[in-house]
Amino acid sequence: MASFVAKVVTRCEEALESKNLNLSECELIQVPDAVYHLMRHTELKTCDLSSNVITKISPKFAVKFSLITDLNLSHNQMARLPDELADLHSLEMLDISHNSFITLPAVVFKMPKLRELKANNNAIIDIDRDEIIASDSLELVDLRHNPLTPKCHDLLKHAVVSFRIELSERVKEEWEDLTE
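It should be emphasised that the depicted structure is a prediction, and the values quoted were computed from it without experimental measurement. (Residues numbered from 1 in each chain as written. Predicted model: local features only at pLDDT ≥ 70, side-chain atom pairs only at ≥ 80, totals over all residues. Heavy atoms only, no water.)

(A) Geometry of the side chain of Asp142. Looking at the secondary structure, you find Asp142 in strand 6 (residues 140-142). A polar contact of 2.6 Å, which involves the side chain of Asp142, links it to the side chain of Arg144. Setting aside chain neighbours within four positions, we find Asp142 in contact with Leu117, Lys118, Ala119, Asn120 and Glu166. (Helix = DSSP H or I, 4+ residues; strand = E, 2+ residues; numbered from the N terminus. Polar contact = N/O pair within 3.5 Å; in protein donor to acceptor, adjacent residues only side chain to side chain. Contact = heavy atoms within 4.5 Å.)

Printed below as a string of structure tokens:
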């Protein structure tokens with residue numbers, strides 16, 4: 001445990017110079033309050049929290065790290081994001097891949113500058129199509145390797161949007177072949 005604390009402190013110290021906070025593979029279950037304290041006078045540009053066991057992000061994350069442009073939350077155990085992340089007005093890249101999301105968090109469509117959303121390898125079944133079409137900034141939404149419903153997959157595949165939606169090829173369920 002102490003080695004992970006030292007790792008976090010060292011990486012926070014490195015981020016004071018680089019403005020890039022890398023807390024990947026630190027066995028974190030959340031962003032420790034000490035990190036917010038250590039980084040309080042630093043305008044972070046990127047934050048990598050990948051490959052931890054994080055289940056949720058605190059609403060204060062957006063307040064403390066309001067200027068980040070790149071946030072990597074991949075390879076965690078998250079199923080939701082706080083609405084406060086909409087306050088990340090500079091965020092351009094968000095990676096929530098390899099988590100436990102069953103739906104795309106609505107907050108991602110409220111991030112004014114978000115260009116790239118990686119949401120592949122989750123448990124996403126359905127998407128609110130009205131929300132996904134309502135983004136002016138998005139360029140890419142990666143939804144590959146999610147168990148989308150056949151209806152949702154078809155809607156997304158044929159959606160008329162101003163950005164690219166990446167989908168895996170849909171494999172028909174055994175029961176769907178019964179009509180042939």
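Alright, that's what it looks like, and here's the rest.
(B) Broad picture of the sheet that holds strand 3 (residues 70-72). In space, the 7 strands of this open sheet follow the order 1-2-3-4-5-6-7, with parallel pairing throughout. One side of each edge strand has no neighbouring strand; the edge strands of this open sheet are strand 1 (20-22) and strand 7 (164-166). Strand after strand, the sheet turns through a mean of 5 degrees between neighbouring axes, direction not considered. As defined by bridge partners, strand 6 adjoins strand 7 across 3 bridges and the pair is classed as parallel. (Pairing = 2+ DSSP bridges. Axes fitted to C-alpha atoms, helices over the stretch in contact; angles between N-to-C directions.)

(C) The arrangement of the packing of aromatic side chains in detail. As enumerated under the stated definition, the model contains 2 aromatic pairs in all. Ring centres of Phe61 and Phe65 lie 5.1 Å apart, and the angle between their planes is 80 degrees; on these two criteria the pair is classed as edge-to-face. Just as Phe61 is buried, Phe65 falls in that class too. A network of ring pairs unites the aromatic residues Tyr36, Phe61 and Phe65 as a single cluster. (Phe/Tyr/Trp six-rings, centres within 6.5 Å; stacked < 30°, edge-to-face > 60°. Buried < 20%, exposed > 50% of the residue type's maximum accessible area, 1.4 Å probe, protein only.)

(D) Expanded view of the nonpolar core. If you look at the biggest cluster of nonpolar residues, it comprises 49 residues, and the most contacted ones within it are Leu21, Phe61, Leu81 and Leu94. For this core, the elements supplying multiple residues, two or more each, are helix 1 (2-18), helix 2 (33-38), helix 3 (60-64) and helix 5 (150-157). In terms of residue count, helix 1 provides more of this core than any other element does, 3 residues in total. Look past the residues within four positions of Leu21 in its chain and what remains in contact with it is Arg11, Cys12, Ala15, Val35, Met39, Leu44, Thr46, Cys47, Asp48 and Phe65. (Core = buried A, V, L, I, M, F, W, Y, C linked by side-chain atoms within 4.5 Å.)

(E) Region of interest: the pattern of salt bridges. One pass over the structure, following the stated rule, counts 7 salt bridges. As a salt-bridge pair, Glu92 and Arg115 come within 3.1 Å of each other at their nearest N and O atoms. With Glu92 in the loop between strand 3 and strand 4 (93-95) and Arg115 in the loop between strand 4 and strand 5 (116-118), the pair connects residues that are 23 residues apart, well separated along the chain. Judged by relative accessible area, which is 28%, Glu92 ranks as partly exposed. Across the pair Glu116 and Lys118 runs a salt bridge, and its minimum N-O distance is 3.7 Å. Accessibility expressed as a relative area gives 25% for Glu116, which makes it partly exposed. Each of Asp142, Arg144, Arg164 and Glu166 takes part in a single network of salt bridges with overlapping partners. (Salt bridge = Lys/Arg side-chain N within 4 Å of Asp/Glu carboxyl O.)

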